[in-house]
Amino acid sequence: MSLSAGSTSCVYIRDKDNAWIPAEVVSESSGNISVRINHKFDDLENCSPGELRDVKLKDYEGGVLPLQNLDNDTGNLIECSDMVDLPFLHEAAILYNLKIRHKEGKPYTRTGDIVIAVNPYQWMNQLYSDETRYLYADKLIWTQTKEDAKSLVEPHVYETSSLSYRGLAVDGMDQSVLVSGESGAGKTETVKILMNHLASVQNMASGNESDGEVNDIVKRVRDSNPLLEAFGNAKTTRNDNSSRFGKYIQLQFDAEDPRQAAFSGRSVPSCILAGSKCSTYLLEKSRVVSHEEGERAFHIFYQILGAPQSERENLWKEGLGDATEESFRYVGYTDTHEIEGKSDGERFYETVSALDLIGVNSDSLHTLLRAMCIVLQLGNLVFDKDPENDENSTITSSEELSKLARLMGVDEDDISKALTIRTMVARNETYKVPLNKSSAEDSCDAFAKEIYSQSFDWLVRTINSATCAEDNYIVEKNEKAPSKFGMIGLLDIFGFESFKVNRFEQLCINYANEKLQQKFTIDIFRSVQAEYEYEGIELGDIQFEDNAGVLDLVEGRMGIIAVLNEECVRPRGNDISFVSKVNAMNKDSESLTQSRLFRDNEFGVHHYAGPVKYDATNFVKKNTDVVPQDLLQCACKSTNSLVRIELKASADRKAAAAESSSSRGGRRGGSLVSQTVCTKFKGDLGSLMTNIGTTRSRYIRCLKPNTKKQPYLMQHNSSVEQLRCAGVVAAVTISRSAFPNRLDLETALERFSCLTNSQQKHSMATGDINTRLEKLLDPLLKDLETKKEGNILKGYVCGKTRIYFRAGALEFLESQRISSMGSWATEIQRRIRGFVALAKFISLRSSAIKVQAVARSYAKQRLFHRSRRALISIQNWVRGINCRAALDTLRKNTNASKIQSYWRMVKAVSSLAEYRVAAVIIQSQLRGARQRPIYRAALAESIEESKFENQLKSLQRKLEEAEKRRIEAEKKRLEAEKRAAEAPEKIVVVHKEVPSRSNSAAYQQLVTQNDTEAQELIKRQQKQIDDQYQLLEQQRKDQDERDNQQMLVAKQQQTLMDESGKMLEYLRKEVFKLRSQNSQLRTDFDLLKENNKRLMDANASAGASFAALNQHSKGLNKTNSKLKTELQKNKQQVTKMNLTQIELKEELKMKQATYISEVHTRLQYQKTMQKIVEGIQERCPDENLVEDILALSDDCESDYMNGPTGMVSAPSPAKQVTSIFSSMASPAASMGADESLERSTSISGRFMSFFGGTKEPEAPAMKTIQDKPQLANLQSFGGSFSEA
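Residues numbered from 1 in each chain as written. Predicted model: local features only at pLDDT ≥ 70, side-chain atom pairs only at ≥ 80, totals over all residues. Heavy atoms only, no water.

Enquirer: Before we go on, may I ask you to explain the overall build of the protein chain in this structure?
Expert: From N to C terminus, the protein chain includes 40 helices and 27 strands. Here the protein chain, with 1284 residues, has 43% of them falling under the buried criterion. Considering only contacts within the protein chain whose residues lie at least 6 apart along the sequence, 70% involve residues at least 24 apart. (Helix = DSSP H or I, 4+ residues; strand = E, 2+ residues; numbered from the N terminus. Buried < 20%, exposed > 50% of the residue type's maximum accessible area, 1.4 Å probe, protein only. Contact = heavy atoms within 4.5 Å.)

Enquirer: Looking at this structure, I do not really get the environment of Leu-773. What am I missing?
Expert: Mapped onto the secondary structure, Leu-773 falls in helix H29 (residues 769-780). C-alpha of Leu-773 to C-alpha of Cys-798: the two residues are 25 residues apart in sequence and 8.3 Å apart in space. Dropping the residues within four chain positions of it, Leu-773 is found in contact with Leu-745, Ala-748, Leu-749, Tyr-796, Cys-798 and Ile-803.

Enquirer: What am I meant to see in helix H19 (residues 575-585) here?
Expert: Because the α-helix completes a turn every 3.6 residues, residues three or four places apart line up on one side. By the burial criterion, the buried members of H19 are Asp-575, Ser-577, Phe-578, Val-579, Val-582 and Asn-583. Tucked into the core, H19 has its buried residues touching helix H18 (560-569), strand E19 (592-593), strand E20 (602-607) and helix H20 (619-624). The N-terminus of H19 is capped by Asn-574, whose side-chain oxygen sits 3.2 Å from the backbone nitrogen of Ile-576. (Polar contact = N/O pair within 3.5 Å; in protein donor to acceptor, adjacent residues only side chain to side chain.)

Enquirer: Is there a simple way to think about unusual backbone geometry in this case?
Expert: The phi torsion of most residues other than glycine is negative, and most of the peptide bonds are trans. You will see that Tyr-121, though not glycine, has its phi angle at about 55 degrees, which is positive. Here Tyr-121 lies in the loop between strand E6 (114-118) and helix H2 (130-142). Its identity is not glycine, yet Ser-362 carries a phi of approximately 55 degrees, on the positive side.

Enquirer: Looking at this structure, I do not really get the confidence of the model for the protein chain. What am I missing?
Expert: Predicted coordinates in regions of low pLDDT should not be interpreted in detail. Put simply, the protein chain has an average pLDDT of 79, and 79% of its residues get 70 or more. Within the model, pLDDT remains below 50 along residues 983-1000, and this stretch shows 18 contacts once partners closer than five positions in the same chain are excluded. Counting contacts from residues 1203-1284, a segment whose pLDDT is below 50, to residues more than four positions away or on other chains yields 129 contacts. (pLDDT = per-residue confidence, 0-100.)

Enquirer: Please clarify how the nonpolar core should be interpreted in this entry.
Expert: What tends to happen in soluble globular proteins is that the nonpolar side chains get buried as a cluster. Phe-231, Phe-301, Leu-378, Tyr-452 and Leu-490 are the most contacted members of the largest nonpolar core, which totals 119 residues. Broken down by element, this core gets its largest block of residues, 12 residues, from helix H14 (residues 437-467). The contacts of Tyr-452, once residues within four sequence positions are left out, are Phe-231, Leu-283, Val-288, Phe-298, Ile-300, Phe-301, Met-372 and Val-375. Ranked by size, the runner-up nonpolar core spans 60 residues in total, among them Ile-21, Leu-86, Val-729 and Leu-773. (Core = buried A, V, L, I, M, F, W, Y, C linked by side-chain atoms within 4.5 Å.)

Enquirer: Just to check I follow, could you spell out a nonpolar patch on the surface for this structure?
Expert: Together, Trp-824, Ile-828, Ile-832, Phe-835 and Val-836 line one region of the surface with nonpolar side chains, adding up to about 580 Å² of accessible area. Here Trp-824 falls in the exposed class, since its relative accessible area comes to 55%. (Patch = residues over 30% accessible without salt bridge, like charges linked within 9 Å, V, L, I, M, F, W, Y side chains within 5 Å. Areas by Shrake-Rupley, 256 points an atom, 1.4 Å probe, with all protein chains shown as cover. Salt bridge = Lys/Arg side-chain N within 4 Å of Asp/Glu carboxyl O.)

Enquirer: Quick question: what am I supposed to make of the pairing of strand E15 (residues 389-395) here?
Expert: Relative to E15, strand E14 (residues 383-386) runs antiparallel, the two sharing 4 bridges. Bridge pairing links Lys-385 to Ser-393 in E15. In sequence, E14 turns back onto E15 through a hairpin of 2 residues. (Pairing = 2+ DSSP bridges.)

Enquirer: Would you mind showing me how to read the sheet that holds strand E27 (residues 802-805) here?
Expert: The pairing of strands in a sheet comes from backbone hydrogen bonds and takes either a parallel or an antiparallel form. In spatial order, the strands read E23-E27-E26; together these 3 strands make up an open sheet with antiparallel pairing. Both edges of this open sheet fall to strand E23 (741-744) and strand E26 (796-798), since each of them pairs with a single strand only. Direction aside, neighbouring strands of the sheet carry axes that sit 20 degrees apart on average. Where E23 meets E27, 4 bridges bridge the pair, whose relative direction is antiparallel. Paired with Arg-742 across the two strands is Tyr-804, which belongs to E27. Running over the sheet, helix H27 (residues 745-752) touches E23 and E27 and is turned about 95 degrees from E23. Each of E26 and E27 touches H29; the most contacted strand, E26, lies at about 170 degrees to it. (Axes fitted to C-alpha atoms, helices over the stretch in contact; angles between N-to-C directions.)

Enquirer: Help me out: how do you make sense of the packing of H2 against helix H3 (residues 157-169) in this one?
Expert: For the pair H2 and H3, interaxial distance at closest approach is 9 Å and the crossing angle is 40 degrees. One element, H2, and the other, H3, form an angle in the oblique class. Seen from above, H2 lies across H3 with right-handed handedness. Contact residues: H2 offers Thr-132, Arg-133, Tyr-136, Ala-137, Leu-140, Ile-141 and Trp-142, while H3 offers Tyr-158, Glu-159, Ser-162, Leu-163, Tyr-165 and Arg-166. Residue composition of the contact of H2 with H3, by class: 8 nonpolar, 2 polar and 3 charged. (Parallel < 35°, antiparallel > 145°, perpendicular 65-115°, else oblique. Left-handed = near helix turned anticlockwise from the far one by under 90°. Nonpolar A, V, L, I, M, F, W, Y, C, P; charged D, E, K, R; others polar.)

Enquirer: What should I look at first to understand a negative patch on the surface in this one?
Expert: Together, Asp-1182, Glu-1183, Glu-1187 and Asp-1188 give the surface a local cluster of negative charge. Turning to its location among the elements, Glu-1187 is positioned in helix H36 (residues 1183-1202). Residue classification places Glu-1187 among the exposed positions, given a relative accessible area of 52%. (Lys, Arg positive; Asp, Glu negative; His and termini not counted. Charge placed at Lys NZ, Arg CZ, Asp CG, Glu CD.)

Enquirer: It is not clear to me how the side chain of Glu-295 should be interpreted in this structure. Could you clarify?
Expert: Here Glu-295 lies in the loop between helix H7 (286-289) and helix H8 (299-305). Polar side-chain contacts of Glu-295 include one of 3.0 Å to the side chain of Arg-287. Among all residues touching Glu-295, those that are not within four sequence positions of it are Lys-235, Thr-236, Thr-237 and Arg-287.

Enquirer: Sorry, what's going on with the pairing of strand E3 (residues 32-37) here?
Expert: The side chains of a regular strand alternate between both faces of the sheet. Bridge count between strand E2 (residues 19-29) and E3: 6 bridges; the pairing is antiparallel. For Glu-24, the partnering residue across the bridge sits in E3 and is Arg-36. In this structure, the hairpin formed by E2 and E3 is closed by a connection of 2 residues, where Ser-30 is found at a positive phi of approximately 45 degrees. Bridge count between E3 and strand E4 (residues 52-56): 5 bridges; the pairing is antiparallel. Along E4, the bridge assignment pairs Ser-34 with Asp-54.

Enquirer: Just checking my understanding: could you explain the packing of aromatic side chains for this structure?
Expert: The geometry of an aromatic ring pair comes down to the distance between the two centres and the angle between the two planes. A full pass over the atoms with the stated rule returns 20 aromatic pairs. When the centroid spacing of 6.2 Å and the interplanar angle of 70 degrees are considered together, the rings of Tyr-136 and Tyr-158 count as edge-to-face. Placement of Tyr-136 in helix H2 and of Tyr-158 in helix H3 is noted, with a sequence separation of 22 residues between them. A connected cluster of aromatic rings, assembled from ring pairs, spans Phe-504, Phe-578, Phe-603, Tyr-614 and Phe-619. Across the ring face of Tyr-302, the terminal group of Arg-296 is positioned such that the distance to the ring centre comes to 3.9 Å. (Phe/Tyr/Trp six-rings, centres within 6.5 Å; stacked < 30°, edge-to-face > 60°. Lys NZ or Arg CZ within 6 Å of the ring centre and 35° of its normal.)

Enquirer: Even after reading the chapter, I still don't get the sheet that holds strand E7 (residues 175-180), so can you show me in this structure?
Expert: With respect to topology, 7 strands assemble into an open sheet ordered E5-E6-E22-E7-E18-E10-E11, the strand pairing being mixed. Strands with a single pairing partner mark the edges of an open sheet, and in this sheet they are strand E5 (108-111) and strand E11 (271-281). Shown here is a sheet whose adjacent strand axes are inclined to one another by a mean of 20 degrees, direction ignored. Pairing of E7 with strand E22 (residues 696-703) involves 6 bridges; the strand directions are parallel. Directly across from Val-177, in E22, lies its bridge partner Arg-698. The sheet strands contacting helix H24 (residues 677-693) are E7, strand E10 (246-255), E11, strand E18 (486-492) and E22, and the helix crosses E11 at an angle near 155 degrees.

Enquirer: Just checking my understanding: could you explain the side chain of Asp-575 for this structure?
Expert: Here Asp-575 shows up in helix H19. Among buried charged residues, Asp-575 stands out as having no salt bridge; its nearest opposite-charge side chain is Arg-503, 8.6 Å away. A polar contact of 2.7 Å, which involves the side chain of Asp-575, links it to the backbone nitrogen of Asn-618. From its side chain, Asp-575 meets the backbone nitrogen of Phe-619 in a polar contact 3.2 Å long.

Enquirer: Can you help me understand the environment of Glu-412 in this one?
Expert: Assignment of secondary structure puts Glu-412 in helix H13 (residues 412-420). When its relative accessible area of 33% is taken as the criterion, Glu-412 is described as partly exposed. Sequence-wise, Glu-412 and Ser-398 are 14 residues apart; in three dimensions their C-alpha atoms are separated by 9.0 Å. Excluding residues within four positions of it along the chain, Glu-412 makes contact with Leu-401, Ser-402 and Ala-405.

Here is the structure:
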């Protein structure tokens, strides 16, 4: 474009804050242009009208500034409903045309076959009224016209739905409408508007409602979309009702045969909505477990929590009774409780009604919503490191785990193991690996996401089952069911995304948009081709950007998906290795961007909408998306049929896919590749594109005008970015690649006729309009003609209805027109200046006359005002004197009244103070008289209680000392007797332990051989010691008879001791309840430690067992010689133990009186408890409280009678000691002794659990206790009783 120094032209210039702003060229010099900003918009930032700026032409394409589309009459920007009609069609022109229409309340604009829908952020009744729907259906479907039907109506989504309906009905070709845009642009609402219009078109044609069955189908189809919104939509920072999944809704129509319609006299066959099918893509499962601040999870969670109290309690009383959003970690706090004017509670009823419409009610509804509760409850589980091993994890929130177990109908232990332990299979061997805290939390989140995902898929299948035409459409009796249904598909899919951090989800979304952009580009090329053919213009070369390179980079043989799948199969595949392989294998691809500034886990892709940098963190993990077998097994145990069946079915489908892949002879890891998210999405996307490819595609591009959600406001930068991402700019580039500008023939002739002289005007007076334009433009554009292959290419081409200009031609004509207009403007200005000067002289003369008259009037007015002011001053002075005298009298009266009122107040206050002091003294004396008897009684009771406590402590201390002495005496005796039988018992222990450590046949054979040899040696040596042992046995029998007599007395004394222990146990019952839970946890941990320690000890001792057998055989000969000496020593020790036992019995008799008094105290306590219970029954008005107290009293009594120290189940220590002595004296009674020792161990364990845990024996005594288990049990019992 060439501009003279004094010429002006209206253009657009780039601006960092507003993308493009209007300006007017002031001057031009050596590639630089000075412009003045001239706009009439009040929402542009940091640019004021009249501001001068310098612009470099090299920064613009072709070195030319884009021109404004101005109206010749008004000088304002032209507003076109179809932007194809704009003379200058470029990015800036599109932006400002949309901006003007948006401000005028016109959200829809057309660009050829593309409808651009700008979100108005308000509902416009006139746009969606019944009259409007009927108008578009009548003009575009039922009315026959030779001209373009779209020119008869304004752009609207009803235009797209009407043309789709007509294309299906008249042309018999399936249709598809592709709706795209970023979150908050209005895609979901647009799809709902399209569905409602398509569902009602046939009713408009017939003029009445269809029958009830069809109405039910239509209602299901209409309500299925809001139902998907409840489970698939969520609030984001961009949109309160954002779809977090893509969907392709196929509306099925029963299309009438055109021949039948023609026979009936209808030009347009009828199409009755028969049903619908829905396919979903890429549900954002991560939103189930986490969302950004200011956002929300899926709507269904808030609808459940917002339901009435009765509904929540009926669903899950334990967890939802008093629950709020903050009660569940996955939901959290939110300040949004209304979506599009309706509360979550209201939408809950709408969701339940919609579910009922598709057959989900009663039990199935209850099952679905409880599955959602399971997802919520999984988020409340708290994991922590195992205290014993930081690499392991445990669930610390036992209460939440119990709720989840009851909700799922699965045992707590099964859930805990499934979440904290992973079962691994390697070479037909299965082993379990504990998970650390982080892995366990990820496992819990994965379980929740899988349950929600499978529930969502089940809901989609249920909707399809309830709405599909094959199962639900019923034809009339006389009609034949259609063999095939016509289809209009509505694709609501996520738009191109580019954020600060782009992850796996953005790669999948942008990959889908690349496939759709390829289809869009091909369709636009075909529309341009059809336009040129209609105008009679040769097509020539049309250049446009082909995104085949990007698609090859993503889905090619060595592309991103293939490399990612390969990395998922590799045993140690990771994200960094994936990025490295992508860069190495695709280094020659122009679509892959690499930079030294990228980190190891980052790579870039140059998409059609611009370059995007991806962060590959967790790409491998997200692509695998395999639910562990432990979680699937846990789900299969659930009583919730939806969770149990759907997760099992999902696992079976994946297993079948893996088996199918393996059976086809795929490469190693093919079964895993077939299960990846990318592979599944690629297959679904390919199927989608195949289905769309068989249809006539139409496009609706939704734009989000601003982030503030305000009507009539458009932010330029974000809008331009959306236009690029939506492919609108690319469509314009394709349509204007050969001829960037176009004008109607009449407009071009009228606009540029000013560039001719009188002679040319005379020659242009005759001929058709094409001839006249050629005579006008040939001399003007002579310099722009070029030669190509021997042919001369003019700067323009005339079609049937329009004239098309090549690059630079229209700009040159506009500059020449501006120069011509400038010369004409100069002459007009000369004549106007003369007229203005004459009018100014006449005006000055009349003004002078008026000024003189005003001056005279002003002088007279000044004299009058001066006299009036003097008179007013005298009047004010007289009135002031009178008012001051009246004021003085009023002040005196007021002060006297204040003094009187103050004196009366002082007297009343002093009387009140005296009365108050007297009342306080009387009240204190009265309260003291009432409280002193109560205090004295409480003091006496406290003294008695302290005495009773001191007596109990003294008694306990004496019992401990007596018990310790008795146990030491018995221990010495048992040790002496144990030595005699030590050798045979060791042999038995070895024979019991060795077989349990190995399953090897050779190992068993060797052990059996050693056992046989050892038994033969024992038999030979046993004969030698039989005679000596018989003598010892006779002595033991005599001693047993004496012991039995003594034990009868000890038994009675022990009974008293038990009753004393019962009383102590009851007094400490509350402490026991508080410690029991903690003790149980400690016991579990101790058991785990002990099992691990035993395994390690067993492994260490397994190798030494064979040597021990041989050494033991050799040691038998030496043992025989020592037995005689030990027998003599044992006799002496038995005698000493008898003397010690006699002393102990004497001491127990002395304690008998004390025990009897304690028994009486116990009886008195029971009577007191009975009185308390009876008093509560008589005086307490609350029946529920009385029942709870009675139940608590019964539980206390039953726990006491049957608990660790109860009378029923606990054997006395005296009986246990007697059984131990009997077993020591008689080898034949060893089995009875073992059972008695087990009972002793049980009693000791209960004593130790009550008093805080077991007391570990000291290291020196460990060997003796291990060799002699009977003494170990006895020592454990004695130690626990002494602690009590």
